[in-house]
Amino acid sequence: MLRTITPRNARVKRVLKNREAKTEENIKTAIFIRGSQTSQIVNDALADLYMLKKPYAVNFTKKNQIHPFEDHSNLQFFSQKNDASLFVIGTHSKKRPNTLTFARMFDHQLLDMMEVSIEKGTPMKDFKTPKSAIGMKPCFMFNGDMWDQNPHYIMFKSMILDFYHGQTVDKVALAGLEYVISVTSGPMTSEGKPGKIYLRTYTIVLKRSGVKLPRIELVEMGPSMDMTFGRMTEAKPDVWKQSLRVPKELKPKKKKNITKDVMGDTVGRIHLGKQDFDKIQTRKMKGLKKRTASTEDDKDSSEKKQRVDDSDDEE
Amino acid sequence: MDVSGVLEAHKQKFKSVSVEGKVIPLEYDLGLLTAIDQNPIDEAELKKNKDEYLQSLSRDNAQLLFNEIFQLPTISDDNGVMAMLPAPTTLLPREKPLPKPKPETRWEKFAKAKGIVNRKKERMVFDDNTGEYKPRWGYKGINDDGSKDWIIEVPSGANPMEDQYEARREAKKERIEKNDKRRQRNLEEAAVASKMDQKTVNKGERPNMDNARAMKRKEIENQILISKNSTASAGKFDEAIKGDLKPKGIKRKFEPNVTADLSKEKAGNMSILDRVVGKNGEDLVNVRKAIKATKSRK
């Protein structure tokens, strides 16, 4: 399908090298696609999610005949052409109204995908509040007790984190934490099915508090969506396992011979070599010397002295 | 002097930074700036004023998350105060598989054995001839083919009628060709080594190059022999090229015409027959085509 490109100048060569597999990966790019029929809610939702994902996002403005749960070969082509591994497909039909499908790729093949339908959505433009800058790293919050238990919730949490966490860094500027994405799980339905989930986005305002830690106030920025879960395709276990493999360079290095004992103190072991007892220098150790005749005489005289003293004591 | 009253009054002015009422403490994944609140949701509040309840819940959790973030060790940078984040605990899948390690090239092996370390060199070098700084390589560099000099002395052993400018240009072309050949050779050897040593490649280490070169050489020799046989007369009447490889170990063995032991001949013929038309030999001959061919010949 796609022709293999042989680089003819340095710029193309650099782009191809960037798209290769690496130990430390690039930030994942997301593609936002409209299906053959969309509604206003779906269009607004796609536009807002696109704004939050910029600049690592591609927006397909034209409508595509795409039904991911029936045929996901288009996704493979788009993924290879745009070097993108995340997809959001928005569709609307009578049977499945206001639906968003989140999909992930591994090695340009489908990894997993899930469908959510929006019950109620408020776009960003309806909130007349200041928005955060494009490309900032958000904080995340998952409220409710379902996030570790139900597979729908587990996948949704993984998707949201994968989409919006940006670059994995080891330090962050405290002034640069501008907004927070909060997802709350509602109660389960009476039939025992997963309930609604509420996605809200707020900007963070730090206020003085009299102590070192600031007081946090939130201002709703949008988008705000109430969603229910639809269909889901989980990842095949062996592919999933392969995708989670961490390269050797990024694994944390173990420190050998250092342990923490029961009391919490750090204890170290030092390995000394084997000592060769035949080669110890004993000539210079006074305590090991044999006693000669002169030293024995001294001993006798000292003994004699003691006896005399004893007799004195007795008297 | 009792200042506690003054402190209390001061504290009352500001809103509190502590959050009460969390039965289950929050779980944090600070590497991803995430907080997970397992406390059950107040369903009645959610029904009554959904958005306000969600906002107040989020505010409380954000406060707790920030309290944790602000307790991390910080360093001061040009960008302001930076908090050092721990590694993320949530496992997120990669987008591409792990890169396959490339095998060592001939130069890398030599450099390792000799202990040669690659030191970074400055781009600009001082050129004594012109007295200014020029790039070490590339456009207007000192590494040029030297044909821009206004005068070139004829070297002591060369033909005085030779064009020295042409000679320099040819020399540079040769160097480029040599380099390209070496790069190609490295690529081919790397491909052979990766194919042969799949086990270490899958483990994530560099494959063993030792047999790769011998294998590559054998492959090339085989290909030469095949191409020699690919003439119209199967390579028999070609002119012998000086310094060519003589095919080793190809000797035809002829059985004697009249043998005392005829059973061997029978066994040989039967095995051929078996392979062609026997039960095992159904794949060798396309019977349908053979019938058609004989029919058309007739």
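Residues numbered from 1 in each chain as written. Chains lettered and ligands numbered in written order. Predicted model: local features only at pLDDT ≥ 70, side-chain atom pairs only at ≥ 80, totals over all residues. Heavy atoms only, no water.

**Student:** Lay out the overall build of chain B with the relevant residues and their values.
**Tutor:** Within chain B, the secondary structure is distributed over nine helices and six strands. Scaling as 2.2 N^0.38, a compact globule of 298 residues should have a C-alpha radius of gyration of about 19 Å, whereas chain B reaches 40 Å, well beyond that. Across the 298 residues of chain B, 22% fall into the buried class. Taking all contacts inside chain B whose residues are at least 6 apart in sequence as the whole, residues at least 24 apart take part in 39%. Counting every atom, chain B has about 24400 Å² of accessible surface; 54% of that belongs to carbon and sulfur. Across chain B, 60 positive and 49 negative side-chain charges occur, with their mean positions spaced 11 Å apart. (Helix = DSSP H or I, 4+ residues; strand = E, 2+ residues; numbered from the N terminus. Rg over C-alpha atoms; globule rule 2.2 N^0.38 Å. Buried < 20%, exposed > 50% of the residue type's maximum accessible area, 1.4 Å probe, protein only. Contact = heavy atoms within 4.5 Å. Areas by Shrake-Rupley, 256 points an atom, 1.4 Å probe, with all protein chains shown as cover. Lys, Arg positive; Asp, Glu negative; His and termini not counted. Charge placed at Lys NZ, Arg CZ, Asp CG, Glu CD.)

**Student:** Talk me through the nonpolar core; I want residue IDs and the actual numbers.
**Tutor:** The biggest cluster of nonpolar side chains holds 40 residues, and the ones touching the most others in it are Leu100, Phe102 and Phe156 of chain A. With eight residues, helix H4 (residues 151-164) of chain A is the single largest residue contributor to this core. Excluding anything up to four places from it in sequence, phenylalanine 102 of chain A contacts Leu49, Phe87, Val88, Asp112, Met113, Met114, Val116, Phe156, Met159 and Phe163 of chain A. Counting 29 residues, the second largest nonpolar core, distinct from the first, contains Cys139 and Tyr202 of chain A together with Leu26 and Leu64 of chain B. (Core = buried A, V, L, I, M, F, W, Y, C linked by side-chain atoms within 4.5 Å.)

**Student:** Which residues make up the interface of chain A and chain B, and what values go with them?
**Tutor:** Across the contact, 71 residues belong to chain A and 54 residues belong to chain B. For the pairing of chain A and chain B, the buried interface totals around 5800 Å² over both sides, and the portion due to carbon and sulfur atoms is 63%. The interface formed by chain A and chain B holds five salt bridges in total. With a closest N to O distance of 3.0 Å, lysine 96 of chain B and aspartate 83 of chain A form a salt bridge. Between the two partners, chain A and chain B, sit 28 residue pairs in polar contact (both at pLDDT 80 or more). Here the side of chain A that touches chain B takes six residues from strand S10 (residues 215-220) of chain A, the largest share from any one element. Counted by class, the side of chain A that touches chain B contains 30 nonpolar, 17 polar and 24 charged residues. (Buried area = accessible area lost by both parts, 1.4 Å probe. Salt bridge = Lys/Arg side-chain N within 4 Å of Asp/Glu carboxyl O. Polar contact = N/O pair within 3.5 Å; in protein donor to acceptor, adjacent residues only side chain to side chain. Nonpolar A, V, L, I, M, F, W, Y, C, P; charged D, E, K, R; others polar.)

**Student:** I'd like a description of the domain arrangement of chain B, backed by residues and values.
**Tutor:** Considered domain by domain, chain B is made up of domain 1 (8-83), domain 2 (101-144), domain 3 (165-231) and domain 4 (262-297). Of note, the centres of domain 2 of chain B and domain 4 of chain B, computed from C-alpha atoms alone, are 66 Å apart. (Domains from an automatic or database assignment.)

**Student:** For the side chain of aspartate 29 of chain B, give the residues involved together with the corresponding values.
**Tutor:** Position of aspartate 29 of chain B relative to the elements: it lies in strand S1 (residues 27-29). Lysine 157 of chain A provides the closest opposite charge to the buried, unpaired aspartate 29 of chain B, separated from it by 7.2 Å. At a separation of 2.4 Å, a polar atom in the side chain of aspartate 29 of chain B contacts the side chain of threonine 90 of chain B. Ignoring any residue separated from it by four or fewer positions in sequence, one finds aspartate 29 of chain B in contact with Thr34, Ala87, Pro88, Thr89 and Thr90 of chain B.

**Student:** Outline unusual backbone geometry, supporting the account with residue identities and numerical values.
**Tutor:** The general pattern is negative phi for most residues beyond glycine and trans for most peptide bonds. Residues and elements named next belong to chain A. The omega torsion of the bond from lysine 54 to proline 55 falls at 0 degrees, within 30 degrees of zero and hence cis. Within the fold, proline 55 resides in the loop between helix H2 (40-53) and strand S2 (57-63). Each neighbour pair has its own omega, and for glycine 222 with proline 223 the value is 0 degrees, a cis peptide bond. Following the sequence through the fold, proline 223 ends up in the loop between S10 and strand S11 (224-233).

**Student:** Please give an account of the pairing of strand S3 (residues 86-91) of chain A that cites residues and values.
**Tutor:** All names here are of chain A. By the criterion of burial, S3 is predominantly enclosed, with six of the six residues buried. Direction of pairing for strand S1 (residues 30-34) relative to S3: parallel, over a ladder of five bridges. In the strand pairing of S3, alanine 30 is matched with leucine 86. Two elements, S3 and strand S4 (residues 99-106), share six bridges in a ladder whose sense is antiparallel. In the strand pairing of S4, glycine 90 is matched with leucine 100. (Pairing = 2+ DSSP bridges.)

**Student:** Break down a nonpolar patch on the surface for me, citing the residues and quoting the values.
**Tutor:** On the surface, Met270, Ile272, Leu273, Val276 and Val277 of chain B cluster together to form a nonpolar patch covering roughly 450 Å² of accessible area. If you trace the backbone, isoleucine 272 of chain B turns up in helix H8 (residues 262-277). (Patch = residues over 30% accessible without salt bridge, like charges linked within 9 Å, V, L, I, M, F, W, Y side chains within 5 Å.)

**Student:** Describe in detail the pairing of strand S5 (residues 109-122) of chain A, supporting the description with residues and values.
**Tutor:** Residue and element names in this part refer to chain A. Here S4 runs beside S5; their pairing, made up of eight bridges, is antiparallel. Across the sheet, leucine 100 pairs through a bridge with valine 116, a residue of S5. Between S4 and the antiparallel strand that follows it, S5, lie two residues; aspartate 107 among them carries a positive phi value of about 55 degrees. Alignment of S5 against S11, held across eight bridges, turns out to be antiparallel. Considered in S11, the bridge of lysine 120 is made with aspartate 226.

**Student:** Help me get a handle on the packing of helix H5 (residues 164-196) of chain B against helix H7 (residues 210-229) of chain B, residues and values and all.
**Tutor:** Residues and elements named next belong to chain B. In the contact formed by H5 and H7, the axes pass within 9 Å of each other and the chain directions differ by 110 degrees. It follows from the interaxial angle that H5 and H7 lie roughly perpendicular. When H5 is examined against H7, the residues Glu188, Glu189, Val192, Ala193 and Met196 are found in contact with a partner set consisting of Asn211, Ala212, Arg213, Met215, Lys216 and Glu219. Residue classes in the contact of H5 with H7 are distributed as five nonpolar, one polar and five charged. (Axes fitted to C-alpha atoms, helices over the stretch in contact; angles between N-to-C directions. Parallel < 35°, antiparallel > 145°, perpendicular 65-115°, else oblique.)

**Student:** So what's going on with the pattern of salt bridges? Residues and values would help.
**Tutor:** Residues and elements named next belong to chain A. Under the definition given, this model contains 24 salt bridges over all chains. Its salt-bridge partner being arginine 200, residue aspartate 226 comes within 3.0 Å of it at the nearest N-O pair. Residue aspartate 226 is found in strand S11, and its partner arginine 200 is found in strand S9 (residues 197-207); the two are separated by 26 residues along the sequence. Across the pair, arginine 200 and aspartate 226 agree in class, each one buried.

**Student:** Would you mind going over the packing of aromatic side chains in detail, with residue names and values included?
**Tutor:** Applying the stated criterion across every chain, the model contains 14 aromatic pairs over all chains. Seen in terms of ring centroids, phenylalanine 126 of chain B and tyrosine 133 of chain B are 5.3 Å apart; in terms of plane orientation they differ by 65 degrees. Their pairing is edge-to-face. Judged by relative accessible area, which is 56%, tyrosine 133 of chain B ranks as exposed. One Lys or Arg, lysine 157 of chain A, reaches over the ring of phenylalanine 142 of chain A and ends 5.9 Å from the middle of that ring. The ring of tryptophan 137 of chain B has arginine 123 of chain B lying over it, and the distance from NZ or CZ to the ring centre is 4.1 Å. (Phe/Tyr/Trp six-rings, centres within 6.5 Å; stacked < 30°, edge-to-face > 60°. Lys NZ or Arg CZ within 6 Å of the ring centre and 35° of its normal.)

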